[in-house]
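Structure at a glance
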Amino acid sequence: MIENSFNRRGFLKVLGWGGATVALSGCGNTSVEDGKEFVTSYVQTADYIIPSIGTYFNSTCAQCNAGCGIMGRVREGRVLKLEGNPKSPINNGKMCGLGQAGVQAHYNPDRIREPLLRTGDKGEAITWEKALALINEKVGGVKAENVAFLTGGVSGHVKALLKNYLDALGSGHHYVYEAVAPSIMRAANKKAYGVEMPRLHLDKAKVIVSFGADFLGAWISPVHFSQQYARFRKADKGERGVLVQVESKMTLTGANADRWLAIRPGTEGILALGLINALAAAGVSVPGDVVGAVKEYTVDRVSKDTGVSAEHIGKLAALLKERSPSLIIAGSAVEGYAHGSQNATAIALLNQVLGNVGKTVEAPSSVPFPQMAPTAGNRFALQALNDNMAQDKVKVLFSYGANPVFTAPASMKLKENLKKVPFKVVFAHYMDETAVEADLVLPLNSALEDWATAMPEYIAEGAQLSIQQPLMEKLYPGTLGMGDILLALLKQRRPEEYKGYEDFYSYLRSAMVSIKGALGGANEDDDTFWDTALSRGVVKLVGAPVNISSNASAKGLVVPAPFVEDSAYPLHLIPAVSASMRDGRNANEPWLQESPDPLTTIVWDSWVEMHPKTAAKLGIVEGDIVEVASRSGAIKAQVYVFTGIHPDVISMPLGYGHEAMGRYAKGVGVNAFKILDPIFDKETGELAMHETRVKVSKAGQRVVIVKDEGPAGGNQMGRKIAVRMSSSKVNLSEEV
Amino acid sequence: MYCFLRLSVLLVGLIVSAGSYAVNAVQPLTTADDLGPKVEQPIEFPHDRHAGDAAKGGMQINCMYCHTYARRSIVAGIPPLQKCIGCHQSIESVRETPRIKKLFEYWEAKKAVPWKKVHDLPDFVRFNHERHIQRFVFAQNKPVQEACGYCHGDVKTMTVARRQKPLSMGWCVSCHQKDHPVDATSTKTTHGPNDCWQCHK
């Protein structure tokens, strides 16, 4: 409503005249520019390279650990766009938004371009020779046990080289750290099924009950699960699968569910045991010891503890009894508590009682080359490293593929402990929070200009080695690949063994060719095998099947009673892992900041998700800046009022709030990792991410939230375009 | 006022009808000349020597032998250096001339020759070489040099190529409004597309 004299018509007039002026000055023959631009040709090229026509090369996505196959469209020597590789059984030619943003990691203006050595507060550019010689000197000057190597999840030939380097040093201190990995679930799976990561067959299930697993958004291998989910929803023969999502904060998967059940945080295990009890009562054959263990979990008690109504529990049990096989998934919401292991075990037990093990929970196959098998990261590794640093046991620290200064809770005092390490080497793409603390920063090639192999932890069937090959020449001559750096470091220690390899490419090629028999190339000559492998981007491995067992037992399984109210810190904080931001490693890619969060549509900022009832109680409306305080710290962010969350819970996305890293990440939002309380899972010692209790108070300001949905919020501008119905009115039992 | 309006309507009608009569007759594709500036190139490439008539000492090489992308892509492209070397490594007679020596210097350094663009349309214009070459050379059997020459002029008489045609929108349209046979044997005629989005995408 523009009410001053400069009205809309006047505005259009000015716009029209402005446009005409631009047109007059801009058009005409003068814009044919002869002899101003260069048209640089190739020196040598292949016949299939035609200017202006894209050529596709296969590679592997490095944006997350799922290891999807990608193909990059390359034109005039530059990679322009990424697509999914149809030959990769993980993603079958599909791709997610996070993967698409891979080109922005490559062309990012904030990439480090040369090795930097700390002099005072500044980084001084040095040569690679000097940098590598310095590492050799520093590593040689300390005892091997005082050298620590911190990495994210690693696999393939880089992992093999890394192990060889650590062996050459005589040190076994390799800490594999992932901030948001499902590490408690892995441990529980190992106990229940004998394998850490069974293959889930969503497409074979008729009912899926997902306890907070965001398998369509950010959980393990979302592109793969999305395709399975599509088949589950529209089965070739038979009925459409029913998805029930049980969680305290709605995820993308929860938004897709037939029934979304808000549960009191941490009581997922109680509901699972209650369902076993209800199933036993309904006549499903349940082992006697299990019946004994769950008999106290009556519907009334479970309903009281979990906040899920008795009617819904009954319907869910009926649904599970009626439709088999089903699949129960334990997601990050289950394992984020001090009793996370018990929660996950209770859910494994429910799967076993329902007879899903071997049907929808299947055995993975073994990996024929264990030295290349993926090493999955966990949070315990960082605590162990942190303790050792605090006790001055670490003299030289390498950090690769991890940003612990950003992802460690403030209570760990990691930044302070890092200062005790005399020499810190950080391999990095950006000057992130950890690189800023380093003594030596070594710039890495982007994933689109580097050689590597990867073995994803989760593969649908069999085993495979994914090949990452450069899609274009290096943008900056001063960067190096991780494989090349490790090879150079190994040449310092074991020159006889490695002197034959000029660079990582020649090492990789000869390593692959030497095992070509196992990689399906026994009858091909070396060049044919190698070229075929590169053009496919994926090499199948023949792995032996692993036995899966049904070991979950009720013995010793105690799921504690739900939380007692904490009057000082009345709310639970759920740190949300969003499909774009994850743990924040890709925060400097503006497409990811710009793409709206699927549920709130917020861009370029953090937010506090809050139930309308809670907001009303605290006198808060959308856009209020609030202080979220835990026992470990406080941060401020804007409130988004949202019905898809339990009233006892608030949620903040992870990955925002960088203090360094680059122009698109720095200063955008707040870092929710920082205020997590140091509470750990009792069995595995992993940080319990969902245990933090907080209090919320208004900070005084109010802002307009920048989001895609209209100013009236999710109520469709009051126009009632799509009919809204409360979930208790939906009769899911009609599906049975 | 009213009579002026009537007069102008009448005039427009006359022009349109005269124009449509003129368009009905098949005309040669005329091209106005408008010489562009001289462009300095790293190597003064003699188009006349390569493509010129034999009588004038030319080798009569087909344009598309070097500009091989023109028929397959929207851009004609510059041939890769290996193409120059492919022939010149076995032409001993000119091996020691200054231009060829310079060519081999680039080749030995494995560096691309930094040619300057001579025909550089503004970025909001999309000109497709493939469509024109396929139409004129392959469908209508026009001589290659004539077809290329519609826009590039008589390159076979030049050393370093120089723009001869205006390459303005009006000049493009002047040709696109004219009818020409659909292919070499057909009596059916058509004209080039005149939709804005054909070039401004």
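Residues numbered from 1 in each chain as written. Chains lettered and ligands numbered in written order. Predicted model: local features only at pLDDT ≥ 70, side-chain atom pairs only at ≥ 80, totals over all residues. Heavy atoms only, no water.

With that settled, the discussion passes to the packing of helix H9 (residues 268-281) of chain A against helix H12 (residues 310-322) of chain A. All names here are of chain A. Contact geometry for H9 and H12: axes closest at 9 Å, N-to-C directions at 65°. The chirality of how H9 crosses H12 is right-handed. Contacts between H9 and H12 involve Leu 271, Leu 275, Ala 278 and Leu 279 on the former and, on the latter, Ile 313, Leu 316, Ala 317, Leu 320 and Lys 321. Partitioned by chemical class, the residues of the contact of H9 with H12 number 8 nonpolar, no polar and 1 charged. (Axes fitted to C-alpha atoms, helices over the stretch in contact; angles between N-to-C directions. Helix = DSSP H or I, 4+ residues; strand = E, 2+ residues; numbered from the N terminus. Left-handed = near helix turned anticlockwise from the far one by under 90°. Contact = heavy atoms within 4.5 Å. Nonpolar A, V, L, I, M, F, W, Y, C, P; charged D, E, K, R; others polar.)

Before going further, it helps to spend a moment on the domain arrangement of chain A. What the domain assignment lists for chain A is domain 1 (109-179 + 379-444), domain 2 (199-362) and domain 3 (571-718). The C-alpha-based centres of domain 1 of chain A and domain 2 of chain A are spaced at 41 Å. (Domains from an automatic or database assignment.)

Our focus in this paragraph is the interface of chain B and chain A. Taken together, the contact pairs 31 residues of chain B with 21 residues of chain A. Summed over both partners, the interface of chain B with chain A buries about 2400 Å², with 59% contributed by carbon and sulfur atoms. The interface formed by chain B and chain A contains 1 salt bridge. In this structure, Glu37(A) and Lys117(B) form a salt bridge, with 3.7 Å as the shortest nitrogen-oxygen distance. (Buried area = accessible area lost by both parts, 1.4 Å probe. Salt bridge = Lys/Arg side-chain N within 4 Å of Asp/Glu carboxyl O.)

All names here are of chain A. Mapped onto the fold, Val 704 is located in the segment after strand S25 (693-702). The exposure class assigned to Val 704 is exposed, which follows from its relative accessible area of 75%. Taking the C-alpha atoms as reference, Val 704 lies 56 Å from Asp 47; in sequence the two are 657 residues apart. (Buried < 20%, exposed > 50% of the residue type's maximum accessible area, 1.4 Å probe, protein only.)

Turning to the side chain of Ser399(A), a few remarks are in order. All names here are of chain A. Mapped onto the elements, Ser 399 comes out in strand S14 (residues 396-400). Look at Ser 399 and you get buried, because its relative accessible area is 2%. The contact partners of Ser 399, leaving out residues within four places of it in the chain, are Leu 150, Pro 404, Val 425, Val 426, Phe 427 and Thr 434.

Next up on the list: helix H7 (residues 222-233) of chain A. Side chains that are three or four residues apart share a direction in an α-helix, a result of its 3.6 residues per turn. Residue and element names in this part refer to chain A. Between its first and last C-alpha atoms H7 spans 16 Å; for 12 residues at 1.5 Å apiece the expected length is 16 Å, and the two agree. Within H7, 9 of the 12 residues are buried, leaving the element largely enclosed by the surrounding structure. By the burial criterion, the buried members of H7 are Pro 222, Val 223, His 224, Phe 225, Gln 227, Gln 228, Tyr 229, Phe 232 and Arg 233. In this structure, the buried side of H7 is in contact with strand S8 (199-200), strand S9 (207-211), strand S10 (242-247) and helix H8 (252-256). (Expected span 1.5 Å × (residues − 1).)

Attention shifts here to the pairing of strand S20 (residues 571-576) of chain A. Every other side chain in a regular strand lies on the same face of the sheet, so the side chains alternate between the two faces. All names here are of chain A. Judged by how many residues are buried, S20 sits mostly within the fold: 6 of 6 residues are covered. Neither face of S20 is exposed, since Leu 571, Leu 573 and Pro 575 on one face and His 572, Ile 574 and Ala 576 on the opposite face are all buried. Here S20 pairs with S25 via 2 bridges, running antiparallel. The partner of His 572 across the bridge, within S25, is Arg 693. (Pairing = 2+ DSSP bridges.)

With that settled, the discussion passes to the domain arrangement of chain B. Residues and elements named next belong to chain B. Here chain B is partitioned into domain 1 (47-78 + 115-199) and domain 2 (80-109). Between domain 1 and domain 2, the C-alpha centre-to-centre distance is 27 Å. Each side of the interface is counted separately: domain 1 has 6 residues, and domain 2 has 4 residues. When domain 1 packs against domain 2, the two sides together hide about 380 Å² of surface, and 56% of this comes from carbon and sulfur. Connecting domain 1 to domain 2 are 0 salt bridges.

The subject of this paragraph is the sheet that holds S25(A). Residues and elements named next belong to chain A. The sheet built from 6 strands closes into a barrel, its strands ordered S20-S24-S21-S23-S22-S25 with mixed pairing. Across the sheet, the mean angle from the axis of one strand to that of its neighbour is 45°, orientation sign disregarded. Bridge count between strand S22 (residues 624-630) and S25: 6 bridges; the pairing is antiparallel. Across the sheet, Ala 629 pairs through a bridge with Lys 695, a residue of S25.

All names here are of chain B. All buried positions along helix H5 (residues 98-108) are accounted for by Ile 100, Leu 103, Phe 104, Tyr 106 and Trp 107. Looking straight down H5, one finds its buried side chains confined to an arc of 155°; they lie on one side. Facing away from the buried side of H5 by more than 90 degrees, the exposed set consists of Pro 98, Glu 105 and Glu 108. On its buried face, H5 sits against helix H4 (81-88). Two residues or fewer after H5 comes Lys 110, characterised by a positive phi angle close to 55°. (Arc of directions from axis to C-beta.)

Moving on, we come to the environment of Ile721(A). With respect to the helices and strands, the residue Ile721(A) is situated in the segment after S25. According to the relative accessible area criterion, Ile721(A) is exposed, its value standing at 62%.

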